[in-house]
Amino acid sequence: MLIGTILRNKGSAVTTVAPVATVRELLGKLADHNIGAVVVSTDGTTIQGIVSERDVVRRLHDRGPEILDAPVSSIMTTEVRTAGPGDNVDELRRTMTTHRFRHMPVVENGRLVGIVSIGDVVKSAIEELETEKASLVDYLHR
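Just so you know, these numbers come straight off a predicted model, no measurement behind them. Within every chain, residues take consecutive numbers counted from 1 along the sequence as written. It should be noted that, the model being predicted, local features are given only for residues of pLDDT at least 70 and side-chain atom pairs only at 80 or more, the latter also being counted only at that level, while totals for whole chains, interfaces and linings use all residues. Only heavy atoms go into the side-chain values, all of them from the structure, while hydrogens and water stay out.

**Q** I tried to follow the pattern of salt bridges on my own but got confused; where do I start?
**A** When the charged atoms of two side chains with opposite charge come close together, those side chains can pair. Any Lys or Arg side-chain nitrogen located within 4 Å of an Asp or Glu carboxyl oxygen qualifies as a salt bridge. Scanning all chains against the criterion turns up six salt bridges. Residues aspartate 120 and lysine 10 are paired through a salt bridge, measuring 2.8 Å at the closest nitrogen-oxygen approach. In this pair, aspartate 120 is assigned in helix α5 (residues 118–140) and lysine 10 in helix α1 (residues 3–10), connecting sequence segments 110 residues apart. Using a 1.4 Å probe on the protein chains alone, a residue whose accessible area is under 20% of its type maximum counts as buried, one over 50% counts as exposed, and one in between counts as partly exposed. For aspartate 120, a relative accessible area of 17% corresponds to the buried category. In this structure lysine 10 comes out as partly exposed when scored by relative accessible area, which is 38%. Measuring nitrogen to oxygen at the nearest pair gives 3.2 Å for the salt bridge that ties glutamate 91 to arginine 94. Of this pair, glutamate 91 and arginine 94 both sit in helix α4 (residues 89–99), three residues apart, which is roughly one turn of the helix. By relative accessible area, which is 42% here, glutamate 91 ends up partly exposed. Only runs of H or I of at least four residues qualify as helices and only runs of E of at least two qualify as strands under DSSP, and these elements are numbered from the N terminus.

Given below as structure tokens:
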């Protein structure tokens, strides 16, 4: 299965936050959209970084509550791995597992076109297994 297939099923909407937004504003976006990570972008199409709930919790532990009024740029990950719509989901799953992250922006022609979470990847694997099972059951009943 290709990453583009996941995006077609879930949609390509990506919540972004500006690097100058506060961590408090970031938390509002995470809560409002019920998501675990946000792409950091000044224009909604280029990627300056990514920031997750996990980043906030770690910095809150390290620096205390004053981090809430700091800019998102102070806690974001700047070396962001990305995937393309034509990339294979199995490879994405291995990459996410090996490098221990849960969200990967999808980029096409240098523009942000979606984001895929580990939940999306697991859901696609389950759907593939269910389809395969149905095919095998159908084959056995012929």
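**Q** Would you take a moment to explain unusual backbone geometry for this structure?
**A** Non-glycine residue asparagine 34 carries a positive phi angle of around 55 degrees. Structurally, the position occupied by asparagine 34 is in the loop between α2 (23–33) and β2 (37–40). The exposure class of asparagine 34 is exposed, given its relative accessible area of 70%. Of note in the backbone geometry, arginine 100 takes a positive phi value of approximately 60 degrees without being a glycine. For arginine 100, the position within the fold is in the loop between α4 and β4 (103–108).

**Q** Sorry, what's going on with the side chain of aspartate 120 here?
**A** Polar contacts, as counted here, are pairs of nitrogen or oxygen atoms within 3.5 Å of one another; within protein the pair requires one atom able to donate a hydrogen and one able to accept it, and residues that are adjacent in sequence qualify only if both atoms are side-chain atoms. A polar side-chain atom of aspartate 120 sits 2.8 Å from a polar atom in the side chain of lysine 10. The contact rule is simple, with two residues in contact once any of their heavy atoms fall within 4.5 Å. Those residues in contact with aspartate 120 that sit more than four places away from it in its chain are Ile6, Lys10 and Ile115.

**Q** Where do I start with the pairing of strand β5 (residues 111–117) in this structure?
**A** Two faces belong to every sheet, and in a regular strand the side chains alternate between them. For β5, the tally of buried residues reaches five of seven residues, placing the bulk of the element in the interior. Pairs of strands are assigned from DSSP output, requiring at least two bridges between the strands. Pairing geometry for β4 and β5, over six bridges, is antiparallel. Residue pairing across strands places histidine 103 opposite serine 117, the latter belonging to β5. A loop of two residues connects β4 with β5, the two strands running antiparallel in sequence, and asparagine 109 in this loop sits at a positive phi of about 55 degrees.

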